[in-house]
Amino acid sequence: MVEMDSLECIRLVSSPDSQNLRFANIFHQCRMLIQKAWVVQFRHVYREGNKEADFLANMAVTAGSQDVILQQPPSELQSLLRDDLQGRGMATGTVVCV
């Protein structure tokens, strides 16, 4: 199960004829993974239910083209993960392909 908070991203990854030239290579790589010998289902979740992935995406935007390797989750992310584990978050095992 792949959960995303972007319906447009789900459409672009799911459609083999999408014409997004800026991210064409990324979408192609995602489609290649999807076509492997497993079942992949996409599900839209609201951003509020995808807080951990939203936090990491915002962190990536802030980093720009610089690669960031985390040895452990930042404290803000640890708080979101704790909330999720205790049932206060809405997200469950989330995988994001962007």
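Description of the structure in this document. (Residues numbered from 1 in each chain as written. Predicted model: local features only at pLDDT ≥ 70, side-chain atom pairs only at ≥ 80, totals over all residues. Heavy atoms only, no water.)

### Regarding the pattern of salt bridges
Then step 1. For the coordinates displayed, the defined rule picks out 2 salt bridges.
Then step 2. The partner of E3 in a salt bridge is R43, and the shortest N-O contact between them spans 2.2 Å. Of this pair, E3 sits in strand β1 (residues 2–4) while R43 sits in strand β2 (residues 42–44), and the two are 40 residues apart along the sequence.
Then step 3. Note on E3: relative accessible area 3%, which makes it buried.
Then step 4. Between R11 and E8 there is a salt bridge; the shortest N-O distance is 2.6 Å. Residue R11 and its partner E8 are located together in helix α1 (residues 7–14), separated by 3 residues, close to a single helical turn. (Salt bridge = Lys/Arg side-chain N within 4 Å of Asp/Glu carboxyl O. Helix = DSSP H or I, 4+ residues; strand = E, 2+ residues; numbered from the N terminus. Buried < 20%, exposed > 50% of the residue type's maximum accessible area, 1.4 Å probe, protein only.)

### Quick notes on helix α3 (residues 51–63)
Then step 1. Under the 1.5 Å per step criterion, the end-to-end length of α3 is 18 Å for 13 residues, consistent within 8% with the ideal 18 Å.
Then step 2. Just past α3, the residue G64 takes up positive phi, approximately 65°. (Expected span 1.5 Å × (residues − 1).)

### Details of the environment of Q78
Then step 1. Of note, Q78 is situated in helix α4 (residues 75–85).
Then step 2. A residue is classified by how much of its surface remains accessible, and Q78, at 26% relative accessible area, is partly exposed.
Then step 3. Linking Q78 and E52, residues 26 residues apart in sequence, is a C-alpha distance of 9.1 Å.
Then step 4. With near-sequence residues (within four places) excluded, Q78 lies in contact with Q72 and P73.
Then step 5. Within polar-contact distance, the side chain of Q78 engages the backbone oxygen of P73 at 2.8 Å. (Contact = heavy atoms within 4.5 Å. Polar contact = N/O pair within 3.5 Å; in protein donor to acceptor, adjacent residues only side chain to side chain.)

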